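# Fold and contact review
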2 protein chains.
Amino acid sequence: MTTPSIITALTVRDIRFPTSLEAHGSDAINDPDYSCAYVILETDTGLRGCGLTFTIGRGNEIVCKAIDAYKRMVVGTHLSTIYGGFGTFWHKLTQDPQMRWLGPEKGVTHLAVAAIINALWDLWGKIENKPVWKLLASMGPEEIVPLIDFQYISDVLTPEEAVEILKKSRAGILEREKSFLNSGYPAYTTSAGWLGYSEDKIKRLCRQAKDEGFTRFKVKVGLSKEDDERRLALVRHEIGDQCTLMVDANQRWDVQEAIKWMKPLTKYNLLWIEEPTSPDDVLGHATIAKALAPYGVGVATGESCQNRVLFKQLLQAQGLNFCQIDSCRLGGVNEILAVYLMAHKFDVPVCPHAGGVGLCEMVIHLQAFDYLGISTTQHNRVIEYVDHLHEHFVNPVQVAGGRYMAPTAAGYSTEMKESSLRKYEYPSGSEWQRLFSEGKFTLN
Amino acid sequence: MTTPSIITALTVRDIRFPTSLEAHGSDAINDPDYSCAYVILETDTGLRGCGLTFTIGRGNEIVCKAIDAYKRMVVGTHLSTIYGGFGTFWHKLTQDPQMRWLGPEKGVTHLAVAAIINALWDLWGKIENKPVWKLLASMGPEEIVPLIDFQYISDVLTPEEAVEILKKSRAGILEREKSFLNSGYPAYTTSAGWLGYSEDKIKRLCRQAKDEGFTRFKVKVGLSKEDDERRLALVRHEIGDQCTLMVDANQRWDVQEAIKWMKPLTKYNLLWIEEPTSPDDVLGHATIAKALAPYGVGVATGESCQNRVLFKQLLQAQGLNFCQIDSCRLGGVNEILAVYLMAHKFDVPVCPHAGGVGLCEMVIHLQAFDYLGISTTQHNRVIEYVDHLHEHFVNPVQVAGGRYMAPTAAGYSTEMKESSLRKYEYPSGSEWQRLFSEGKFTLN
């Protein structure tokens, strides 16, 4: 096979799943129709890279529009320009002298960048015929560091320090790869704990997850104190004292409210409270983390943390005890590597956010590289898992016995089935047309 | 005239001015074509409210698309629902359970919210037949506070505290109004200090501004140390020792770099360094502010600060000495009021960002209300002024003798001339068609 040399086209498709019909993913803040802006990059040899950014429904078309705006900086670009200086290309994309006003590096435009960068990683993996985790693990420190844009983080992490970390972490990489290929990476389940579910459903799902081998569970909280107590008692009873339990407030509280709300719940022996308040509030997270530390509850956040600058500060201020990178909120693999390296420096475990559309597929690659080449450990680390929508991917993530299995196909596991794309493209897809005609949905 | 009761339509237009052709607005980071997403709200009586959000060119269409997505939450809404509980309506708009994923409250979607909220204020002023500053000044504390969404800031400012501040600040309001109507509000000029200008042009513009009555000047820095020294020496020489000089790096530096770069420049007696680093870096700003304090240079930031949560932290961490709210980056008047109140509590002067398209027109209303009803002083406060593009507004801002004059027309001064809209609508406007056909611009 000839190696492709240039990006010849970029197509974006608005893909949405009507998950709100069944209250999948419901929490104190969100009522989602899991969606994604799906990018297809074409090359001169016909090899394609596919990437996506996750959203929860309305507004997905805005992200698609933003991806269109970046097209001029991607199509016609030589792959040697991109992969030969990927950090520089990433910087160019995020720092366009007019587009950057719309962020910089946050919100819609950063989500759009993530979809494109993810597609470029899928393409790179396919060119090298390796899954992305293996592609990363086969690079030396001097190859990894130029992937990263160190702007605005050099006060905490310099390229030289990053090289040092990566060099030190190479010892034993082959043994860790063997262990990962054999037994995968631990997962936790959020499937049982959505707010919209009945108690019977929660019980059933807890038992089912235990039977499947899960030992770590997460429950949504924050709408009603009484309801939180009742559901936590229920889940703790179902899973027993040996299992790990986390809770997630999805930004429901103000700072002091978070502390007050959480104190009575600490009796359920909770590993972390996730997103207690605004994702932007570094100092607020630090205040909450300090107040809850005596109760043994850590603070976790990240799925809505806009960029490496925010994570830098959360680490500096001791505002988080568990760092939950999101494969689409940050600007793709390149920026995520920066966050993994900073978290390692501050000795904070990364436990990626997943679920949604395709997040599980991606984060196993990232977390595997953290294990192989950065933190070198799975201690105190776990990846979120939600068993939804995997059937739409060509190489869906494999989870068995409560553990993610190592992806083996080349690329970033982000390619979706054409049949699914046709069915769920919004609003023209056959499933949406059916829902509209049956009056179950109204076109936004 | 009958009072309108309902919003019947929302139209958004993509308006762009080809300012990059003359290097207006050039700095260390941006090369702008000053633009705006322009919103027209129509009502059942024919009365219209006009509002805008500022961008610098490419990507303006993404903001327009986002405004379209909010239409469903605005059109058909009764004005009593909006103005009767404006803080609640604002919260609903920014916290839509699906759209909020795209922010929350930042980037493209927040810029879109700003345009809509600004148009609603223009409409409100027109309904009450008052300029917005006067509308605000005529409200009691118990009417102002419900305009504000206190979510995520109650650890620093509660509604009760806000009422207290506003009550206390009413003393002497009539005298201050008289003084404002008589002599306006002090301005500073950025017109002389753009990076793209020649030395002769800078000299000429400094003299011209001094002749016009300006005593405060701002210069862009950050591309080259030698060039910064040369231009600062030049400007300080032209304006003399009695005038105030500020510098602006437009986010060019990392934290330690900012400190190193600035130290030699402090000999030019600078009031502030503006945007020394990433607008997201609260702790970085605090580090820079602490390092430069002994040299008498303050830190200013705000034009790219995404929301009230960021300002809250900048104030908490002593990361800014001058608070530069932006009338379009924050979610319109409602959120800006929260920032003014917090700044007052921390005793930090607000010096609004202006220039661009329509920013000068808006900020004089806001700063006037700060003077009349919040801080009650003009001490250490000044509004940016750039003499560009005012001719496109129906009620352009008036600046004389280096001072903003009080706006007298009803509304928020945000209505643009239909002739300008037709000429500069992108890409169909007559001026753009001319530039395309003459080969001076290529359609993005």
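Owing to the predicted nature of the structure, the values given are computational and were not obtained by experimental measurement.

### Remarks on the pairing of strand E1 (residues 7-16) of chain B
Residue and element names in this part refer to chain B.
- In terms of residue burial, E1 counts as a mostly covered element, since seven of its ten residues are buried.
- Pairing geometry for E1 and strand E2 (residues 35-43), over nine bridges, is antiparallel. When the sheet's bridge partners are listed, Arg13 is paired in E2 with Tyr38.

### Quick look at unusual backbone geometry
- At the junction of Gly103 of chain B and Pro104 of chain B, the peptide bond is cis and its omega measures out at -15° in the coordinates.
- By secondary structure assignment, the location of Pro104 of chain B is in the loop between helix H3 (86-94) and helix H4 (107-128).
- Pro427 of chain B follows Tyr426 of chain B through a cis peptide bond whose omega is 0°.
- Tracing the sequence through the fold places Pro427 of chain B in the loop between helix H16 (418-424) and helix H17 (430-437).
- Phi at Asn129 of chain A is positive, roughly 55°, even though this residue is not glycine.
- The topology assignment puts Asn129 of chain A in the loop between helix H4 (107-128) and helix H5 (132-137).
- Despite not being glycine, Thr376 of chain B shows a phi value in the positive range, around 65°.
- As for its placement among the helices and strands, Thr376 of chain B is situated in the loop between helix H15 (359-374) and strand E10 (383-385).

### Remarks on the pattern of salt bridges
All names here are of chain A.
- If you walk through the whole model with that rule in mind, you get 66 salt bridges over all chains.
- Its salt-bridge partner being Glu199, residue Arg230 comes within 2.5 Å of it at the nearest N-O pair. Of this pair, Arg230 sits in helix H10 (residues 225-239) while Glu199 sits in helix H9 (residues 199-212), and the two are 31 residues apart along the sequence.
- Owing to a relative accessible area of 32%, Glu199 belongs among the partly exposed residues under this scheme.

### Some remarks on a negative patch on the surface
- A cluster of like negative charges, contributed by Asp211, Glu212, Asp387 and Glu391 of chain A, occupies part of the molecular surface.
- Here Glu391 of chain A lies in the loop between strand E10 (383-385) and strand E11 (399-400).

### Some thoughts on the domain arrangement of chain A
Residue and element names in this part refer to chain A.
- According to the domain assignment, chain A contains domain 1 (7-148) and domain 2 (166-418).
- Measuring from the centre of the C-alpha atoms in domain 1 to the corresponding centre in domain 2 gives 22 Å.
- If you look at the interface, domain 1 gives 55 residues, while domain 2 gives 58 residues.
- Of the roughly 4500 Å² buried between domain 1 and domain 2, counting both surfaces, carbon and sulfur atoms make up 65%.
- Across the contact surface, domain 1 and domain 2 share five salt bridges.
- For the salt bridge of Glu105 with Arg308, the shortest nitrogen-to-oxygen distance reads 2.5 Å.
- Counting every contact that joins domain 1 to domain 2 gives 22 residue pairs in polar contact (both at pLDDT 80 or more).

### Comments concerning the sheet that holds strand E2 (residues 35-43) of chain A
All names here are of chain A.
- Strand order in the open sheet made by the three strands is E1-E2-E3, with antiparallel pairing throughout. Since the sheet does not close on itself, it has two edges, and those belong to strand E1 (7-16) and strand E3 (48-55), each with one partner. Across the sheet, the mean angle separating the axes of adjacent strands is 15° when strand polarity is ignored.
- Seen against the sheet, H4 touches E1, E2 and E3 and runs at an angle of roughly 150° to E3.

### As for the packing of aromatic side chains
- Taken as a whole and judged by the stated rule, the model has 38 aromatic pairs over all chains.
- On the basis of an interplanar angle of 80° and a centroid distance of 6.3 Å, the ring pair of Tyr185 of chain A and Tyr371 of chain A is categorised as edge-to-face. In this pair, Tyr185 of chain A is assigned in strand E4 (residues 185-189) and Tyr371 of chain A in helix H15 (residues 359-374), connecting sequence segments 186 residues apart. Across the pair, Tyr371 of chain A and Tyr185 of chain A agree in class, each one buried.
- A ring pair is formed by Tyr426 of chain B and Phe436 of chain B, whose centres lie 6.0 Å apart and whose planes are at 75°; its orientation type is edge-to-face. Separated by ten residues along the polypeptide, Tyr426 of chain B in the loop between H16 and H17 and Phe436 of chain B in helix H17 bring together distant segments of the chain.
- On the basis of relative accessible area, Tyr426 of chain B is assigned to the buried category, the value being 12%.
- Among the aromatic side chains, those forming a connected cluster through ring pairs are Tyr83, Phe86, Trp121 and Trp124 of chain A.

### Comments concerning the interface of chain A and chain B
- Taken together, the 62 residues of chain A in the interface contact 63 residues of chain B.
- Together chain A and chain B conceal approximately 5300 Å² of surface at their shared face, both sides included; 55% is due to carbon and sulfur atoms.
- Contact with chain B buries area across many residues of chain A, yet Arg58, Gln98 and Trp101 of chain A alone supply 18% of it, more than any other trio.
- Between Asp281 of chain A and Lys312 of chain B there is a salt bridge, with the nearest N and O atoms lying 2.6 Å from each other.
- Counting only elements with at least two residues in the side of chain A that touches chain B, the list comes to E3, helix H1 (60-70), H4, helix H12 (282-292) and helix H13 (308-316) of chain A.
- The element best represented in the side of chain A that touches chain B is H1 of chain A, accounting for six residues.

Rules of the game
Residues numbered from 1 in each chain as written. Chains lettered and ligands numbered in written order. Predicted model: local features only at pLDDT ≥ 70, side-chain atom pairs only at ≥ 80, totals over all residues. Heavy atoms only, no water. Buried < 20%, exposed > 50% of the residue type's maximum accessible area, 1.4 Å probe, protein only. Helix = DSSP H or I, 4+ residues; strand = E, 2+ residues; numbered from the N terminus. Pairing = 2+ DSSP bridges. Salt bridge = Lys/Arg side-chain N within 4 Å of Asp/Glu carboxyl O. Patch = residues over 30% accessible without salt bridge, like charges linked within 9 Å, V, L, I, M, F, W, Y side chains within 5 Å. Areas by Shrake-Rupley, 256 points an atom, 1.4 Å probe, with all protein chains shown as cover. Lys, Arg positive; Asp, Glu negative; His and termini not counted. Charge placed at Lys NZ, Arg CZ, Asp CG, Glu CD. Domains from an automatic or database assignment. Contact = heavy atoms within 4.5 Å. Buried area = accessible area lost by both parts, 1.4 Å probe. Polar contact = N/O pair within 3.5 Å; in protein donor to acceptor, adjacent residues only side chain to side chain. Axes fitted to C-alpha atoms, helices over the stretch in contact; angles between N-to-C directions. Phe/Tyr/Trp six-rings, centres within 6.5 Å; stacked < 30°, edge-to-face > 60°.

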